[in-house]
Every structure is written in structure tokens, then in C-alpha cells.
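# Observations on chain architecture
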Amino acid sequence: MKCLLIASESAEVLFHWTDPEFQQNIQEQYGASQEEGQGLPAFEDSISTQFAPIIISCSTMVDRLGDSYTSFTTENNHIYVLHQFDECLYIAVNGDGEEGEDDLRRKIYVMKKMIEVMFGMVTLSSNLMRRELRPQDTEQRARLWTHLQGLLETYSQLRENDQSFLVEVLAHPSHSFCCLHLFSLYYIILMTSKSMKRLNFRNASTLSTSDLLALIIMAQNMYPSNTDLDDPGPESTSGSGPESFYTPEPSPTDSTNSGSTPVFEFVDPDIQMAEDSLQTLEVPPPDPSTPRRVFLEVSLKEGLYPMMPHSMYCLPLWPGITLVLLTKSPTSAVAMSVYKFLEAFAKLEKRLSEGHEGSAATRGQPTIFDIRSKLDKFIKALGPSEIQSAQLQHVWTEFKNRAFARGGPGFTKELIPWCKNMKTQLCGIYRQCFLIEPGPSDIPRRLSPSLQERAQTMVQEKLMDWKDFLLVKSKRNITMVSYPDFPGLIHFICVDRSTERSTSELGKGPVAQFIKSKVWSLVSTTRRYLQKGYSTVTLRDGDFYFCYFLWFENDTGYKLEAGEIPPLPDDSAPIGMLAWDYYRKLLRYYSKHHQGEVVKCYELLTVHLGVIPSEIILQHCRQLASKLWEPSRNPLL
């Protein structure tokens, strides 16, 4: 019983995803209300009718009170979480008890992130966003919604089964690769089902972890892998208990007396790879020569530029390993200019809304005076032939007459609608440049098939000796199976939030599925405490003892004095890297008190047996934290 809906203020459905149970419930509810002889209503009409009272009540509360409710629970224990982004209302529902408010809120923010990656700055205009999410052509709308639904399902599957997605971090790389020297390639990424390795090119900017996680979702959605085959197989130390989730574990042992059907079976690797190949052939993969346009954050010397246009090519190397190529758009300078202009008008609109007028409204950088001549040149360079350019020219002229002319009202609240109109027109230019289907003249901007084939061949040659290792490691991780130095330790996750790398191990245990549920619950609990400003959490749950620590160090490994972590509102974006870069903001906040030092942030989560004394557990945590990252600090190692 799960659902996610995006709707406009007029209760128009802009997107929906439901699981089979929720869809059946809606169809039964509204099918029974139909008069005899009439067919079932369209599902989109039914779900719109179902949510219309909620949407209208939210809009009414916002209009009259300036605020609305963010969640509620019905009599049948269905949880509803709502969040308003501009004029689009996101609603996530769960009725089977598998998701709480935090999970639903995270799902909403992840859906918003994926839409931003797909549509870029068009998401900053509600009018244009409604048109993009709900195309007039029904077939185009069905294709778009199916793609978005696939992305949401892929994310849910990864978060449920993949530990690195649970804590929203890139898997720790255990090997390195040679960089390819190919002209015009901006970024190259080697991806398995559980990790992604970046290969930077000269002069390439740095991609954020949030964008990289989003690219994993998109690539995994394009080339899905069978979870039953990708996850580790059964592990047993006492003849019982299948392992069914991604955590490091030992080689398999024969186990047939558990009394239950194993979730996974181990087979010969060659046979397994052949089965993977057959499964890949069953569903034809997308044409890799046709790139997908994505909008990613770019970090340059001038600053951060969000939602810059890129072309994404996904080239399958072998079953389970995909090569992702990213190229910058040759017209990315247009996107950078649009972002600067949008930023200026947004700041002006905010100051005017706060009651500032005259010169007080134009304080701060960048100001309207700074961009006035630049915007004139920008519009002139676009040319008057395009309708969108002509509209922008008209609105900009009207804005200048009101803001700068002697007889105009100047910088007052009367200028707010024109700020909004300018932002809409600028987003329209952005849409015209980067979202409208390209014509024949844009074909040369793509990587030629020969260049794609060359990159694919070169990477395959470089990794030929590593191929089997990568395939085996992505399915069955090779790791230690016991902790002689840490008796009673069952599981741990350690994350370097400065580099977004993680190290995690799984000790012995016959009930790994049960341990998994405890670990997933622990991560959710610690995030709630971190949101309230707590950096240390210890708690006992039955036979287990959980610990969580967040701390800061300088580049020499010296632990810095713990400072106060600012609490967040209950309805804020979920803590993590995919919905928003919480840890980057936390590092920036903490670094203010340590000027001149390189500050690093670490997290450690441990699960011990409850019979271990608490003082021993805390001693284990200190020793474990010092050992895990020690080689990375010492240049001699």
C-alpha cells in the first residue's frame, strides 16, 4: 500500500506512482461507485478524485494561514506526508507499515532530486514544470511517467538492499583504474551494481556525491540487474540462516539443513555470468549512441553552478558493469548566465517580499545593477527570431521601465510580479536551449559512434584482467569473517564524509536478515537524533547494543573538540547526500571555528552483542575508528 503523487494547486495530477496493492484499492473503491452499465473510470481520474480534498485543503490553508500540515495518519493507519515545493504538492502514502514519516519524506526529496537532474532549472518555474511533467500528448506523458516510476522503484530497491545507498555514500574503492585520454570526454565513470569509480579528466570539474548517486539510479534503471543474482548468497556458521542483503561476508559453505528454502543459491561463476547474459538479452537495452540529457552541479573556481547541462552515455561493458560517459554541453555558458540572472532576480524578489524598498532592496551580490548591461547583451546575442527571446525582451523592457525609469515606481513591492515573470522567461530560454528535442544541427554535438566504441574498447582492454574480480566482488564481497580484536562485534559501518567513502564489514551471524533489519533501523534512529543536534547515540535493543558517533578531525588525524551541531526543523530535508548535501553544509559550519585547518568528518555505527560490557564496547569503537582510516593518514603506508 504505497503511493507517491505530485499535483498542482488545482488538483491536477502531474505524476503518480503506486504499488499494485494501492492501485487495486483505488480501482475497487471507485469501480464500486460506478453506475451499472458504465465501465471503470480511468485510474488517473480515480486517483485525482481520491486526493483532491487533501490538495484543496492544503492550498486553502496556505492561502489563509501561510502554512499547512506536513503529515497525518488516518484511522486505518495510513501515513500521509506532504511537502509543498513552490506550486507543486508532493504527497507520499504508506499503508502497510513498512515506511515511516522519515522514509516517506526522504522518498519525496529523492523524487524531487531526480526531476531536477532530468529537467534542470525548468523546475524553478512552476508553470513550465507543470507542462514538462504533464505533456499534452498522452503517449509522451505515459513514457515520461513510466520512466520516473522506474527511477523511484530503482531507488527504493537500492536503498532496501544496498548498504551504501542506505547511508548515501559511494562504496569504498578497492582498486584503481587508468584514465582514458580521449578528446572531448569530460567525465568517465565505471559502475557496478554497488559502486561507482570516477575517472577525472584534465580541467574537469568535480561532481557532487548527490549527483553521482542520482547517476547510479539512472544507470541502474537503464541496465537493471537481477537482485537475486547480484546480492550475496547464503552464509552459515551453524547450518542455518540465509544471507540476503549487501554486506561483506565470507565465501559460501554447504548448508542444506536449515529447514527453509535459501533465498539465493551459489553456482559456478561461468554459468552465473552466462545466465546474466541471457537475462540481459531478454530486455533490449537502450541505444547507447543516443545520450540522455542530465543536469548536474558543477564546481568551478567562480563558484558552484547547479543544474548545468550534460550528456550521459551508458555503455555496457559486461553484464553487471557499465561505463558511464559524461560530456559538457557546448552551450553550457548560456546555462551559467541564466543561473546568474535567476539568482539576482530571486534575491531581489526575496528582499522586496521582506519589505525592503529602494536602495535597501538592491543590496547584496549579485544586484540588478550588476547584471543590467550583461542581460542586455545576453538578450541581444540570442537574437529576435525566436519567440521565447522576443518575450524575454518584452518583459525585460517593462521591468526596466518600472525599476530604473524616473517616472516609474522604482524598487517597491509592485515589482515582485515582474521578478517572477522575468524568472519564468529566463527558465523558458533555458528550456528552449536544453530541453526541446534537438534537430539535425545538434547531431555533431554528440559523441560519434566511433569515439564511443573507442572508449568502450579501451576500457574493456584496461579491465580485462580485472573483469572477473569486479564481477565476483560486486556479487560476493571478499572480507574477513571474524573480529579477533573486537569480540562481540557483529557489524559496523564507517564513513568518511569528507571524501564520501565508506568501509563496512559483517561478522559471523546465522540470522543476517534479522541483523539487517536492526542495522537499517539503527541508521534511521541515528539520523533522527542527528537532526536534533546529537552527535553520539548509544542504545540497547534486546540482545544488541548499538553505537553511533560523529566526530571531526584535522588532516593530521587529530580529533578536534566536539562543537555544537545545529538542530534542524522536523520538516527539513532528510539528512543525507541525495536529497541535499547535509554533510558539506555541516563541514562548512564547523570549519568556521577552525580557520586554516582542513576539517574532516567521520561517522561510525557499530552493532555489538548486548552481553558485552558497555565500557568494552566504547573501547572497541575508539580502537576501530583509529584503525580504519589510519593508512589513509600516513603517507608511508
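Residues numbered from 1 in each chain as written. Predicted model: local features only at pLDDT ≥ 70, side-chain atom pairs only at ≥ 80, totals over all residues. Heavy atoms only, no water.

An unreviewed UniProt entry lists the protein under the name HPS1 biogenesis of lysosomal organelles complex 3 subunit 1, from Labrus bergylta.

## Some points on unusual backbone geometry
The test is simple: Secondary structure follows DSSP: runs of H or I at least 4 residues long count as helices, runs of E at least 2 residues long count as strands, and numbering of each begins at the N terminus. Each residue's exposure class comes from its accessible area (1.4 Å probe, protein chains only) as a fraction of the maximum for that residue type: buried when under 20%, exposed when over 50%, partly exposed otherwise.
For N77, which is not glycine, the phi dihedral falls at a positive 65°. You can see N77 is positioned in the loop between β3 (71-73) and β4 (79-85). Unusually for a residue other than glycine, D86 sits at a positive phi of about 60°. Within the secondary structure layout, D86 lies in the loop between β4 and β5 (88-94). Exposure remark for D86: the relative accessible area of 49% places this residue in the partly exposed category.

## Considering helix α2 (residues 43-65)
Worth spelling out the cut-off: To estimate how far a helix should reach, multiply one less than its number of residues by 1.5 Å. Bend angle per residue: angle between axes fitted to the 7 residues ending at that residue and the 7 residues starting there.
If you check α2, its first and last C-alpha atoms are 33 Å apart, about what 23 residues at 1.5 Å a residue would give, namely 33 Å. At F51, α2 is bent by approximately 45°, the largest bend along its length, and proline P53 sits one to four residues beyond. Here α2 has its buried residues at F43, E44, S46, I47, F51, A52, I54, I55, C58 and S59. Of the residues one or two after α2, G66 is the one with positive phi, at around 75°.

## Comments concerning the side chain of S68
Threshold: Should any heavy atoms of two residues lie within 4.5 Å, those residues are considered in contact.
You can see S68 is positioned in the loop between α2 and β3. For S68, the contacting residues outside a window of four places in its chain are C58, M61 and V62.

## Digging into the pairing of strand β15 (residues 544-553)
Filter applied, for reference: Strand pairing is defined by DSSP finding a minimum of two bridges between the two strands.
Taken across its ten residues, β15 has ten buried, putting it largely inside the fold. Burial of the side chains of β15 extends over both faces: F544, F546, Y548, L550 and F552 are buried on one face and Y545, C547, F549, W551 and E553 on the other. Here six bridges tie strand β14 (residues 536-541) to β15, and the two strands are oriented antiparallel to one another. For R540, the partnering residue across the bridge sits in β15 and is Y545. Taking the residues that link successive antiparallel strands as the turn, the β14-β15 hairpin has two residues, and the phi of G542 there is positive, at about 65°.

## Some points on the packing of aromatic side chains
Rules: The pairing test for Phe, Tyr and Trp rings, Trp by its six-membered ring, is centres within 6.5 Å, and the orientation test on the planes gives stacked under 30 degrees, edge-to-face over 60, and tilted for anything in between. Any Lys NZ or Arg CZ found within 6 Å of a ring centre and within 35 degrees of that ring's normal is scored as a charge over the ring.
Per the stated rule, a full pass over the model turns up 23 aromatic pairs. With centroids separated by 6.1 Å and ring planes inclined at 90°, the aromatic side chains of F345 and W396 adopt a geometry described as edge-to-face. On the criterion of sequence distance, the pair formed by F345 in helix α10 (residues 332-353) and W396 in helix α12 (residues 387-403) is long-range, its members being 51 residues apart. When sorted by exposure, F345 lands in the same class as W396, which is buried. Over the face of the ring belonging to F85 we find K112, whose NZ or CZ atom lies 5.0 Å from the ring centre.

## Topic: the layout of surface pockets
How we decide: The way it works is a 1 Å grid over only the protein atoms, where trapped points that fit a 1.4 Å probe form a cavity and open points with protein on both sides within 12 Å along at least five of seven lines form a pocket, and then any residue with an atom within 4 Å of a point lines it. Grid points are joined across faces, edges and corners, and a volume is the space filled by probe spheres set on the points. Side-chain classes follow a simple rule in which Ala, Val, Leu, Ile, Met, Phe, Trp, Tyr, Cys and Pro form the nonpolar group, Asp, Glu, Lys and Arg form the charged group, and the remainder, Gly included, forms the polar group.
By volume, the second largest pocket amounts to about 1,400 Å³. Lining the second largest pocket we find 42 residues, and of these K112, E116, L124, P306 and M307 sit closest to its centre. Of all the elements in the fold, those that place two or more residues in the lining of the second largest pocket are α3 (101-119), α4 (126-133), α7 (209-222), β9 (292-300), β10 (303-318), α10, α13 (416-434) and α17 (582-591). A per-element tally of the lining of the second largest pocket places α10 first, with seven residues. For the lining of the second largest pocket, the class distribution of residues is 17 nonpolar, seven polar and 18 charged.

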